Amino acid sequence: MYTPIRDDTRELEVLVSQLADQTGSRLATSQGEATVAAFVNGRLRHAGMGVGTYEIRVVPHQGHWYRWPALLGLVAALLTPLLPLPSLALALIVFGWLLLDSLGMPLPPPGRRYASQNIVGTRAIAGAMGLEPAVPRWHVLLLAPLDMALAHRGLAALCGTGPIAALGRVVIATVTILAAGMSLLLPGLPWLMSLPGVLGYLLLLVAALRPPTPASPDGGLATLATMLAAVQRLGTLTNVEVWAVAVGAVASDRRGVTNLLARFPFDRTRTLCIALEPLVGNQVVIASRERAGGVADPLLLELALEADAADPQIDAEPQILAQRGRLASILRRHGYRTVTILARPAPGALAQNSDPAAMPRLVERTTRLIVGIVRGLEAKG
C-alpha cells in the first residue's frame, strides 16, 4: 500500500490543472499535442528521469486513409457491368486490404505524413552502495497516449475501429465481389447488380472525408497525470527499471509504438508493459481480456489484483473489454507481456470526469494501482 508523505491531493490538483492549462485540443500532430509533449518532458526530468524526444512521421487521421480503398472499390463496382474480370480482380484486392485491417493487421496507411513525437523517460536502478547495475531484473514500460482519442459518430462510424465498423467495410467489399462474379458468369446482367457496391463505397468515401471528432469527455489528461504521478512516487528502485513513455498519434497511427520497440528492443521475457487508456468515469478497470483474444499477462494481472486488494482506496475491477486496447494490441502483436488499465463510468453513472474536484481523485486511485503493481514486482525480486 502506498503511504502518502505529502499533500498528494493538492499535488495532483496542481498537476491536472497545469496539464489542462497547457492545451485544449490535442489532435495528433497538432500544436496542442506538441505543447503537452513539452510539458510531459519537463515533468519527467523533474522526477529525475533521463528523457529523450523522438520524432515520428504519421498520418494524422486514421479514418481518412479509408478513402483509398473506397475509391478503388468504387471503380471496381462501376466497372462490374462493363469489365467483369478486371472488376473482380480489383474487388478482391480491396477485399483483402479491408479484411487484413479488420483482423488487426492493418497495412501502412497511405497519405502525407506529419511530425509527432514520443517522449521517453527512464531512470536507472540503484544497486548496493549506490552503484548502478547494468542489467535490471525487470523492465516496466508505462505507456500513455499524448494525443486525445477520436470519436466516430454518424456516418463517420463506418471508418471506426470497432468490430461492427470493420464488418460493415468487409460486407461492402464482399457485395462488390459477388456482383463482379455474377456478371462474369452471367453476362448481360443489368446495372442494378452493381448498385449496392457503388452505394456502399460512396458511403465509405464520404465517411472517410469527414473531419475527426475529439472524444468527449477527454480522459487523456487524467491518463497523462497518472503516468507522471506514478513515476514521481516510485522513485529509484533496485530490481525494476521503469520507463515512462508518452506515445504520439495513438488515435491515428501505430508508428509511435512500433518505432519505440524498434529503437529499444527490450527483452520480451523480462519486460512488462502497462498500457494506460483514457480515464473516463469513476470505475478503474483492469482489463483481464480484450477483443480478438487479447489476454492480460498473468503476472501483471496478479500484481494488479494484489495491489487492489491491499489498498481499499483503489477500488478497481477486472473486466473484459469489447474492443482492443490501442496500445496493448500492438505490443502483444510484437510479443510483449501487457495489461491495459483504464476507467469507465460505473453502471448507471454519467460518462463525465471533467469535474476539477473529481479528476484528481480518479488520478489518485489509478496512480496507487500503478505504484502497487511496480512495488509488488520489486518485492518479488
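Quick look at the structure, then. Treat the numbers as computed from the prediction; the structure is a model and nothing was measured.

Cut-offs applied
Residues numbered from 1 in each chain as written. Predicted model: local features only at pLDDT ≥ 70, side-chain atom pairs only at ≥ 80, totals over all residues. Heavy atoms only, no water. Helix = DSSP H or I, 4+ residues; strand = E, 2+ residues; numbered from the N terminus. Buried < 20%, exposed > 50% of the residue type's maximum accessible area, 1.4 Å probe, protein only. Contact = heavy atoms within 4.5 Å. Polar contact = N/O pair within 3.5 Å; in protein donor to acceptor, adjacent residues only side chain to side chain. Expected span 1.5 Å × (residues − 1). Axes fitted to C-alpha atoms, helices over the stretch in contact; angles between N-to-C directions. Parallel < 35°, antiparallel > 145°, perpendicular 65-115°, else oblique. Left-handed = near helix turned anticlockwise from the far one by under 90°. Nonpolar A, V, L, I, M, F, W, Y, C, P; charged D, E, K, R; others polar. 1 Å grid on protein atoms, 1.4 Å probe; cavity = no way out; pocket = protein on both sides within 12 Å on 5 of 7 lines; lining within 4 Å. Points joined across faces, edges and corners; volume = space filled by probe spheres on them. Core = buried A, V, L, I, M, F, W, Y, C linked by side-chain atoms within 4.5 Å.

### Structural notes on the overall build of the protein chain
Counting its secondary structure elements, the protein chain contains 11 helices and 11 strands. Here the protein chain holds 381 residues, and 51% of them are scored as buried. For the protein chain, contacts bridging at least 24 residues in sequence account for 87% of all contacts bridging at least 6.

### Remarks on the side chain of serine 329
Residue placement: serine 329 occurs in helix H10 (residues 328-333). You can call serine 329 buried: its relative accessible area is 13%. Polar side-chain contacts of serine 329 include one of 2.8 Å to the backbone oxygen of glycine 325.

### Looking at helix H3 (residues 67-79)
Helix length check: H3, at 13 residues, gives a terminal C-alpha distance of 18 Å against a target of 18 Å (1.5 Å per residue), a fit within 8%. Against helix H4 (84-102), helix H5 (163-185) and helix H6 (195-209) lie the buried residues of H3.

### Focus: the packing of H5 against H6
For the pair H5 and H6, the least separation of the axes is 8 Å and the interaxial angle reads 150°. Between H5 and H6, the angle is such that the two are roughly antiparallel. Crossing handedness for the pair H5 and H6: left-handed. In this structure, H5 contributes Arg169, Ile172, Ala173, Val175 and Thr176 to the contact, and H6 contributes Pro196, Gly197, Gly200, Tyr201 and Leu204. Residue composition of the contact of H5 with H6, by class: 6 nonpolar, 3 polar and 1 charged.

### Digging into empty space enclosed by the protein
Scanning the entire structure with this criterion turns up 2 cavities of 30 Å³ or more. By volume, the largest cavity amounts to about 60 Å³. Taken together, Glu11, Leu15, Arg43, Leu44, Ala47, Leu228, Ala229, Val231 and Gln232 make up the lining of the largest cavity. Elements represented by at least two residues in the lining of the largest cavity include exactly helix H1 (8-22), helix H2 (31-46) and helix H7 (220-234). Per-class residue counts for the lining of the largest cavity are 6 nonpolar, 1 polar and 2 charged. For the second largest cavity, the calculated volume is near 40 Å³. Together, Arg123, Ala124, Ile125, Gly235, Thr236, Leu237, Val240, Glu241 and Val242 line the second largest cavity. The residue inventory of the lining of the second largest cavity, partitioned by class, reads 5 nonpolar, 2 polar and 2 charged.

### Things to note about the environment of glutamine 18
Looking at the element boundaries, glutamine 18 is found in helix H1. C-alpha separation for the pair glutamine 18 and leucine 221, spaced 203 residues apart in sequence, amounts to 10.0 Å. Residues within four places of glutamine 18 in sequence aside, it is in contact with Phe39 and Arg43. Polar contacts involving the side chain of glutamine 18 include one to the side chain of arginine 43, which spans 3.1 Å.

### Considering unusual backbone geometry
A negative phi angle characterises most non-glycine residues, just as the trans form characterises most peptide bonds. Phi at alanine 249 takes a positive value of approximately 55°, unusual for a residue other than glycine. Within the fold, alanine 249 resides in the loop between strand S6 (240-247) and helix H8 (255-263). One non-glycine residue, aspartate 315, adopts positive backbone phi at about 50°. By the element assignment, aspartate 315 lies in the loop between helix H9 (298-310) and strand S10 (316-320).

### Observations regarding the side chain of arginine 233
Residue position: arginine 233 is located in helix H7. Residue classification places arginine 233 among the buried residues on the basis of a relative accessible area of 10%. Engagement of the side chain of arginine 233 in a polar contact is seen with the side chain of glutamate 364, the distance being 2.6 Å.

### Regarding the nonpolar core
The tendency in soluble globular proteins is for nonpolar side chains to be buried as a group. The biggest cluster of nonpolar side chains holds 60 residues, and the ones touching the most others in it are Val40, Leu44, Met227, Ile274 and Leu369. Looking at which element gives the most residues to this core, the answer is H7, with 10 residues. In this structure, valine 40 is in contact with Ile119, Leu146, Leu224, Met227, Leu228 and Ala246, ignoring residues within four places of it in sequence. In terms of nonpolar packing, the next biggest core, distinct from the first, is built from 19 residues, Val120, Val250, Leu261 and Leu327 among them.

From the geometry alone we can't say anything about function, so treat these as descriptive.
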